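Secondary and tertiary structure notes
Letter by letter, the chains look like this.
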Amino acid sequence: MRLLIVEDDAKLGNGLRSRLVREGYAVDLADNGVDGGHLGATEPYDAVILDLGLPDRPGLAVLREWRAADNLVPVLILTARDGWSERVEGLQAGADDYLGKPFHPDELLARIQALLRRAATARSPQLRAGGWRLDEARQRLVADDETPHGPVMEHALTATEFRLLRYFMRHPDQILSKSRLAEHVYDYDGERDSNVIEVYVGRLRAMLGANRIQTRRGQGYLFRSGD
Ligand code: CA
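None of the values given here were measured: they were computed from a predicted structure.

1. Focus: helix H1 (residues 10-22)
Here H1 spans 18 Å end to end across 13 residues, near enough to the 18 Å set by a 1.5 Å rise per residue. Within H1, the full set of buried residues consists of Gly-13, Leu-16, Arg-19 and Leu-20. Taken around the axis of H1, the buried residues stretch over an arc of 135°, which confines them to a single face. Facing away from the buried side of H1 by more than 90 degrees, the exposed set consists of Lys-11 and Arg-22.

2. Here we look at the coordination of the calcium ion
Four donors placed tetrahedrally around a metal ideally meet at 109.5 degrees, and six donors placed octahedrally ideally meet at 90 or 180 degrees. Around the calcium ion, the donor atoms from the protein are Asp-8 (OD), Asp-51 (OD) and Gly-53 (O), and they sit 2.2 to 2.3 Å away. Mapping the donors of the calcium ion onto the primary sequence yields the spacing D-x42-D-x1-G.

3. A look at unusual backbone geometry
In this structure, the amide linkage connecting Lys-101 to the following residue, Pro-102, adopts the cis form with an omega of -5°. Along the chain, Pro-102 turns up in the loop between strand E5 (97-101) and helix H5 (105-119). In this structure, Asp-70 takes a positive phi of about 60° despite not being glycine. Relative to the elements of secondary structure, Asp-70 occurs in the loop between helix H3 (59-68) and strand E4 (75-80).

4. Some thoughts on the domain arrangement of the protein chain
According to the domain assignment, the protein chain consists of domain 1 (2-119) and domain 2 (127-223). Look at where the C-alpha atoms of domain 1 and domain 2 centre, and you get two points 27 Å apart. In this complex, domain 1 contributes 14 residues to the contact, which on the side of domain 2 involves 13 residues. Counting each side, the surface lost to burial between domain 1 and domain 2 is near 1,100 Å², with a carbon and sulfur contribution of 41%. The interface formed by domain 1 and domain 2 includes zero salt bridges. For the interface between domain 1 and domain 2, the tally reads six residue pairs in polar contact (both at pLDDT 80 or more). Looking at the side of domain 1 that touches domain 2, the elements with two or more residues in it are H1 and strand E2 (26-30). Of all the elements, E2 adds the most residues to the side of domain 1 that touches domain 2, at three residues. Looking at the side of domain 1 that touches domain 2, its residues break down into seven nonpolar, one polar and six charged.

Calculation criteria
Residues numbered from 1 in each chain as written. Predicted model: local features only at pLDDT ≥ 70, side-chain atom pairs only at ≥ 80, totals over all residues. Heavy atoms only, no water. Helix = DSSP H or I, 4+ residues; strand = E, 2+ residues; numbered from the N terminus. Expected span 1.5 Å × (residues − 1). Buried < 20%, exposed > 50% of the residue type's maximum accessible area, 1.4 Å probe, protein only. Arc of directions from axis to C-beta. Donors = N, O, S within 2.8 Å, 3.2 Å for Na, K, Ca; no water. Domains from an automatic or database assignment. Contact = heavy atoms within 4.5 Å. Buried area = accessible area lost by both parts, 1.4 Å probe. Salt bridge = Lys/Arg side-chain N within 4 Å of Asp/Glu carboxyl O. Polar contact = N/O pair within 3.5 Å; in protein donor to acceptor, adjacent residues only side chain to side chain. Nonpolar A, V, L, I, M, F, W, Y, C, P; charged D, E, K, R; others polar.

This is how it looks when you write it as structure tokens:
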């Protein structure tokens, strides 16, 4: 999942970015309204954290412009603590949620996760397939059927494996091109080499079984939700 933070306070922006990267998201950071507006209009983000008080272009104008262009990316706005009128304006302009400054990073994380869950097409909040469940908090793949006396079967996932698998599991039974997968797995400065996706798909197949992720020649990959 790929997130955009538009925040001109460098300390806050960088702190949020590090925290979200640790939680397994690919994160881009813009420090003004013009760059943030452009990134949000051209890159496929799964959610945006948008400060309203921004240099060059106010956050509200950025949000209105996205919504006028039918860009429905989930947006959480950051507002002044007592800025009730900002919150009202922001929600009316199409924000999905808001958080007043100062806030605790844990609350921001919980709200972003809730936004992503609401936006996900996944039918159940737990991501499951073929006897496996993705433990998003621990970034591990866990076997559904725990044997009564044996150890629970688990695979630890690298950050890239986790991002890729989570994207597959949230978009099951659809053909996903390598370039689309790469866009959602890497941030803007990432390697963006769609051939690397093949390597990671190979690693996921080794854990999930070879047939879970099918190759569609010339089109991409399809993650099967059924058995
Ligand atoms: Ca600001």
